[in-house]
Amino acid sequence: MAALSIERKNIILEKLNREKKVVVSALAREFSVSEETIRRDLEKLEKEGFAIKSYGGAILNEDNDSEMPFKLRQQNNKSGKKKIAQLVAELINDGDHIFVDPSSTGVSVIKACEGKSNLTILTNSVEILLQLSDRDDCDVISTGGALVPGYLALVGPQCIQAIESFHADVAIVSCKGIDLAKGVTDSNQMLSQVKQKMLGSASKKVLAVDNSKFDKVAFSKICSINDFDVVVTDEQPSAQWIEYFKEQGVSLLYPDSN
């Protein structure tokens, strides 16, 4: 199997993300390259924070602050994202103006809102813009801005300025980590800034976060947990979290929570 270096590395990362570990000898046979070439690929993935090299291969770095490429994130916990999206869609009314961030969960939310009418969607997600490109039942506004490679996201001053010029009924954002002490965090400072602006320009603030992000802390703080009106997740959190949300006056939604 012939593949360019970057293509090979991305395929290895996809396998690592799916299987949690890879073996040098097996990868060398699969790609018809030397084991030394595969070791160099794994070294690059380790430097980028995705892998931890081990004897004869590597394992997935579950605690990394680096963001997986969008296409890989989209494959993670599909069923959980679908559950979250269905609950978030119930918070959106016909005719609403909504901000949606460039998370893979945000893409699921847009799909779950297909039955809604007259929505106005403002987003910095290239994937969401593509998803909505052939729909004529909603208005779609791009923030513009600079493209972040791998994220399919737009950021920067132009993006921020666009968000500040609108007010939305609902802002829907996701995150890399949510922690009782550190609040809501993400892996990229520029993306955190965009999410902050979306939250600051919306009446209702919704955090859509799957269960794997609880008790995790990433590099860049987005905001405090009580800055949100609603937290939507795919599984019932621990009793400590449930009590915390109640104390902070934050509504909590998860399947069968009603």
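Heads up: these notes are all about the structure in this document. (Residues numbered from 1 in each chain as written. Predicted model: local features only at pLDDT ≥ 70, side-chain atom pairs only at ≥ 80, totals over all residues. Heavy atoms only, no water.)

Checked against the element boundaries, Leu-42 lands in helix 3 (residues 35–47). With 73 residues separating them along the chain, Leu-42 and Gly-115 place their C-alpha atoms 44 Å apart. Excluding anything up to four places from it in sequence, Leu-42 contacts Ile-12, Val-22, Val-24, Lys-53, Gly-57 and Ala-58. (Helix = DSSP H or I, 4+ residues; strand = E, 2+ residues; numbered from the N terminus. Contact = heavy atoms within 4.5 Å.)

Next up on the list: unusual backbone geometry. A positive phi angle is found at Ser-32, which is not glycine, with a value near 55 degrees. In this fold, Ser-32 is placed in the loop between helix 2 (24–31) and helix 3. You can call Ser-32 exposed: its relative accessible area is 57%. Located in the positive-phi region is Asn-118, a residue other than glycine, with phi close to 60 degrees. By secondary structure assignment, the location of Asn-118 is in the loop between helix 6 (104–112) and strand 5 (119–123). (Buried < 20%, exposed > 50% of the residue type's maximum accessible area, 1.4 Å probe, protein only.)

Quick look at the sheet that holds strand 6 (residues 138–142) now. Spatially, 6-5-4-9-12-14-15 is the arrangement adopted by the seven strands of the open sheet, whose pairing is parallel. One side of each edge strand has no neighbouring strand; the edge strands of this open sheet are strand 6 and strand 15 (251–253). Each adjacent strand pair in this sheet contributes to an overall mean axis angle of 20 degrees, direction not counted. Sheet topology note: the strand 14 (residues 230–232)/strand 15 ladder contains three bridges and is parallel. For Val-231, the partnering residue across the bridge sits in strand 15 and is Leu-252. Where helix 9 (residues 189–200) meets the sheet, it contacts strand 4 (97–100), strand 9 (168–173) and strand 12 (202–208), and its direction lies at approximately 150 degrees from that of strand 9. (Pairing = 2+ DSSP bridges. Axes fitted to C-alpha atoms, helices over the stretch in contact; angles between N-to-C directions.)

A separate point is the state of the cysteines. In total, this model carries zero disulfides according to the counting rule given. With no disulfide partner, Cys-113 has as its closest neighbouring cysteine sulfur the one in Cys-138, 9.6 Å distant. The buried category is assigned to Cys-113, whose relative accessible area is 2%. The class of Cys-138 is buried, set by a relative accessible area of 9%. (Disulfide = S-S within 2.5 Å.)

Moving on to the pairing of strand 4. By the bridge criterion, four bridges tie strand 4 to strand 5 in an arrangement that is parallel. Bridge pairing in strand 5 places Val-100 opposite Thr-123. Viewed along the sheet, the connection from strand 4 through helix 6 into strand 5 turns out right-handed. Direction of pairing for strand 4 relative to strand 9: parallel, over a ladder of three bridges. In the strand pairing of strand 9, Ile-98 is matched with Val-170. (Right-handed = clockwise from strand over helix to strand, strands pointing away.)

Turning our attention to the packing of aromatic side chains. Both the distance between ring centres and the angle between the ring planes are used here to describe each pair of aromatic rings. Within this structure, the stated rule accounts for five aromatic pairs. Between Phe-214 and Phe-245, the aromatic rings sit 6.5 Å apart at their centres with planes inclined by 85 degrees, giving edge-to-face as the arrangement. One end of the pair, Phe-214, is in the loop between strand 12 and strand 13 (220–223); the other, Phe-245, is in helix 10 (residues 239–248), with 31 residues separating them in the sequence. Here Phe-214 matches Phe-245 in class, with each residue buried. One aromatic cluster is present, formed by Phe-214, Trp-241, Tyr-244 and Phe-245 through successive ring pairs. (Phe/Tyr/Trp six-rings, centres within 6.5 Å; stacked < 30°, edge-to-face > 60°.)

Before going further, it helps to spend a moment on the pairing of strand 12. Within strand 12, five of the seven residues are buried, leaving the element largely enclosed by the surrounding structure. Relative to strand 12, strand 9 runs parallel, the two sharing five bridges. Considered in strand 12, the bridge of Ile-172 is made with Val-206. Two elements, strand 12 and strand 14, share three bridges in a ladder whose sense is parallel. Following the sheet pairing, Ala-208 is matched in strand 14 by Val-232.

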